[in-house]
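Given next are the chains, with one letter for each unit.
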Amino acid sequence: MRSRPAPGAVLVLAPLFPLLLASAGCASSVCTKVRSDRDAFTRRAAAAGPHLALAVPYATLSQSVQRSLTRLPQVRLPLPDLGPVDLGSLAVAIRSVAFRPAPAGSVGARVSVALTQGGKPVAALDLDAVIAPRLDPRAGSVRLQLGAEDLREVRPSLPPAERKRFAEFLLSLVPGAARGLVGREQVEALADGFLKEVVGGRWPQIRDQLLQGTGDLVDVEIDLGDVPLTKIDLKSGAADLELWAHAALPAAALSPGTARPAGSDARLVALRMSGGVAAELANRAMASGQIPDRYNRDGAPDPRGELVAGVDWQAGERPLKVHAWSTEGTCARLTFGGTPQVAARGGQLAVDVDDGTLEEVTGSLRVRAAVWFSGLGRQTFSISESVADAIEFEILGVDYRASVVAAAVSRSELEFSLALAEAPQPATRRP
């Protein structure tokens, strides 16, 4: 037979019932709030961009295509007769391709055709073309091509300074003994007539000989790495080709301005990245298992840890936010804030977060902020640095790799300076 509690015991416990019920209800309320917060974090919608901006110096692109021009054919042109004086002939060849500004959504290319004698430049014709890019956001790539067919309809121009330079060249060919018979005006008229013929009636023939068997003069492909993109915009800056990329991530957009951060080395490729992109790339890395997503109370990675982590970026003081949720047992939500400090040390980038702070707590759990930033905070920056390093260029069949040589962190974004180097070719086996 079950014994009943004494009436006195019931009277003693009765005042505690409301406290026990309230405690259970409070814990349930905290768990509901924490789970709701975690769910809201994982369901954040993608935000409008742009989120990444790449600035590539025109000079870098121009230098990269230069070496392929030495293999192009030359055309020989006999100079006009000047009475009894034989002036010889000229060699005509494509000598350079220089990238330059163009209307929005395109990039300009000035193809310089040099007239030389004995290897010395005499005059130059300019072919100004506009390249429309092929943009593939899904593949994260941009391609610029300028081939022989693109130059078929482009007419050459000859600046007045080049006309004067050519006339002086012809005059220098006249022997001293013959200068009394040949006046400057006659030479200048001869030079002007010859150049008009070169850029006019004879140009189609010269052009076809120059371009015979020629492939692409420009073929540049830029790969922006493993970032989910929805749109890429191309802009022609004063000195840089600018790519503005929109990511399918819940990240704040970059502030307006140029793709190149103020004060960065104009000789290097520059990358601006929204801090939110860095955070979301870290979240994707955790979701795919690249970096741990579960931690114990000491902030150490632990596949059985009770805390699930997430990263966010909020412009302002201590912009890098590390969140940790415990949705079972002792329910809690923790938010840490910190400011990554970046420095180049011995050719490597070192990241420190000295101001890591526990900013917000839901529940009764307490942990040390410094431990979280020494782990997950550093890995977040490492993920964004690896994206910058993953940017690739293929220029006329030659692969170039980017490497981060400097970085900076602001309240809203990360900034990288990248050096390009030709990728090493795989070793070939000897038979």
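Model, not experiment: these values are computed from the prediction.

Colleague: Please explain the overall build of the chain as it appears in this structure.
Modeller: Across its full length, the chain holds eight helices and 21 strands. Counting the 431 residues in the chain, one finds 45% classified as buried. Considering only contacts in the chain between residues 6 or more positions apart, those separated by 24 or more positions represent 62%. Of the roughly 22,000 Å² of accessible surface on the chain, 52% is carried by carbon and sulfur atoms.

Colleague: Can you help me understand the nonpolar core in this one?
Modeller: Considering soluble globular proteins, one finds that nonpolar side chains tend to be buried as a cluster. Leu-54, Phe-166, Phe-416 and Leu-418 are the most contacted members of the largest nonpolar core, which totals 112 residues. Top contributing element to this core by residue count: helix 8 (residues 369-389), with eight residues. In this structure Leu-54 touches Ile-222, Leu-224, Leu-241, Glu-242, Leu-243, Ala-259, Val-269, Ala-270, Leu-271, Ile-391, Phe-393 and Leu-418, once residues within four positions along its chain are discounted.

Colleague: When you look at the sheet that holds strand 3 (residues 89-100) in this model, what are you seeing that I'm missing?
Modeller: Picture the strands of a sheet paired through backbone hydrogen bonds; they go either parallel or antiparallel. Strand order in this open sheet of four strands is 2-3-4-5, and the pairing throughout is antiparallel. Among the strands making up the open sheet, the edge pair consists of strand 2 (75-78) and strand 5 (120-131). Each strand of the sheet is rotated relative to its neighbour by a mean of 30 degrees, with strand direction disregarded. Relative to strand 5, helix 4 (residues 160-173) is tilted by about 155 degrees, and along the sheet it contacts strand 3, strand 4 (107-117) and strand 5.

Colleague: Whenever I open this one, the packing of aromatic side chains confuses me. Can you help?
Modeller: By convention here, two paired aromatic rings are described through the distance between centres and the angle between planes. All chains considered together, the criterion is met by four aromatic pairs. Relative to Phe-169, the ring of Phe-166 lies with its centre 6.0 Å away and its plane at 35 degrees, an arrangement referred to as tilted. A residue pair is termed a helical-turn pair when its members lie 3 or 4 positions apart in one helix, as Phe-166 and Phe-169 do in helix 4 at three residues. Take Phe-166: its relative accessible area is 0%, and that puts it in the buried class.

Colleague: Could you clarify how one ought to interpret the pattern of salt bridges in this entry?
Modeller: Oppositely charged side chains may form a pair once their charged atoms are brought near each other. Here the structure, examined in full by the defined rule, presents 26 salt bridges. Between Lys-196 and Asp-192 there is a salt bridge whose closest N-O contact spans 3.3 Å. With Lys-196 and Asp-192 both in helix 5 (residues 184-199) and four residues apart, the pair spans about one turn of that helix. Asp-192 gets classed as partly exposed once you look at its relative accessible area, which sits at 28%. Here Arg-272 ties to Glu-413 by a salt bridge, and the two come within 2.8 Å at their closest N and O atoms. Linking Arg-272 in strand 11 (residues 269-274) with Glu-413 in strand 21 (residues 413-422), this pair joins segments that are 141 residues apart in sequence. Here Arg-272 falls in the buried class, since its relative accessible area comes to 5%. Connected through shared salt-bridge partners, Arg-100, Arg-110, Asp-126 and Asp-128 make up one network.

Colleague: Just checking my understanding: could you explain the side chain of Glu-242 for this structure?
Modeller: In this fold, Glu-242 is placed in strand 10 (residues 240-247). Buried and without a salt bridge, Glu-242 has Lys-235 as its closest oppositely charged side chain, separated by 5.5 Å. Within polar-contact distance, the side chain of Glu-242 engages the side chain of Trp-244 at 3.0 Å. Apart from the residues lying within four places of it in its own chain, the contact partners of Glu-242 are Leu-54, Asp-233, Leu-234, Lys-235, Gly-237, Thr-258 and Ala-259.

Colleague: Can you help me understand the sheet that holds strand 13 (residues 307-313) in this one?
Modeller: Across the sheet, which stays open at both edges, the five strands sit in the order 12-13-14-15-18 with antiparallel pairing between neighbours. One side of each edge strand has no neighbouring strand; the edge strands of this open sheet are strand 12 (294-295) and strand 18 (357-362).

Colleague: Is there a simple way to think about the pairing of strand 10 in this case?
Modeller: For a regular strand, the rule is simple: side chains alternate between the two faces of the sheet. Where burial is concerned, most of strand 10 is hidden: eight out of the eight residues are buried. Taking every second residue as pointing to the same face, both faces of strand 10 are buried, with Asp-240, Glu-242, Trp-244 and His-246 on one and Leu-241, Leu-243, Ala-245 and Ala-247 on the other. Pairing of strand 1 (residues 52-57) with strand 10, which is carried by six bridges, proceeds in the antiparallel orientation. Across the sheet, residue Ala-53 finds its bridge partner in strand 10, namely Trp-244. Taken together, the seven bridges between strand 9 (residues 229-236) and strand 10 define a ladder with antiparallel strand orientation. Of the residues in strand 10, the one forming a bridge with Lys-235 is Glu-242. Linking two consecutive strands that pair antiparallel, namely strand 9 and strand 10, is a turn of three residues.

Colleague: Is there a simple way to think about the environment of Leu-72 in this case?
Modeller: Tracing the backbone through its elements, the reader meets Leu-72 in the loop between helix 3 (58-66) and strand 2. Assessed through its relative accessible area of 18%, Leu-72 is described here as buried. Setting aside its immediate chain neighbours within four residues, Leu-72 contacts Ile-94, Thr-214 and Leu-217.

Colleague: Which parts of the structure should I look at to understand the pairing of strand 1?
Modeller: Burial runs high along strand 1: six of the six residues are buried. Here strand 1 shows two buried faces, one formed by Leu-52, Leu-54 and Val-56 and the other by Ala-53, Ala-55 and Pro-57. Here four bridges tie strand 1 to strand 11, and the two strands are oriented antiparallel to one another. Within the sheet, the bridge partner assigned to Ala-55 lies in strand 11 and is Ala-270.

Colleague: Would you take a moment to explain the packing of helix 4 against helix 5 for this structure?
Modeller: Packed helices, taken two at a time, are described by the angle their axes make and the gap between the axes. Their axes nearest at 9 Å, the elements helix 4 and helix 5 cross at an angle of 125 degrees. When the axis of helix 4 is compared with that of helix 5, the two are oblique. Where helix 4 crosses over helix 5, the handedness of that crossing is right-handed. In contact with Arg-163, Phe-166, Ala-167, Glu-168, Leu-170 and Leu-171 of helix 4, helix 5 contributes Arg-184, Val-187, Glu-188, Ala-191, Asp-192, Phe-194, Leu-195 and Lys-196.

Definitions and cut-offs
Residues numbered from 1 in each chain as written. Predicted model: local features only at pLDDT ≥ 70, side-chain atom pairs only at ≥ 80, totals over all residues. Heavy atoms only, no water. Helix = DSSP H or I, 4+ residues; strand = E, 2+ residues; numbered from the N terminus. Buried < 20%, exposed > 50% of the residue type's maximum accessible area, 1.4 Å probe, protein only. Contact = heavy atoms within 4.5 Å. Areas by Shrake-Rupley, 256 points an atom, 1.4 Å probe, with all protein chains shown as cover. Core = buried A, V, L, I, M, F, W, Y, C linked by side-chain atoms within 4.5 Å. Pairing = 2+ DSSP bridges. Axes fitted to C-alpha atoms, helices over the stretch in contact; angles between N-to-C directions. Phe/Tyr/Trp six-rings, centres within 6.5 Å; stacked < 30°, edge-to-face > 60°. Salt bridge = Lys/Arg side-chain N within 4 Å of Asp/Glu carboxyl O. Lys, Arg positive; Asp, Glu negative; His and termini not counted. Polar contact = N/O pair within 3.5 Å; in protein donor to acceptor, adjacent residues only side chain to side chain. Parallel < 35°, antiparallel > 145°, perpendicular 65-115°, else oblique. Left-handed = near helix turned anticlockwise from the far one by under 90°.

Bear in mind that shape data such as this cannot, by itself, settle questions of function.
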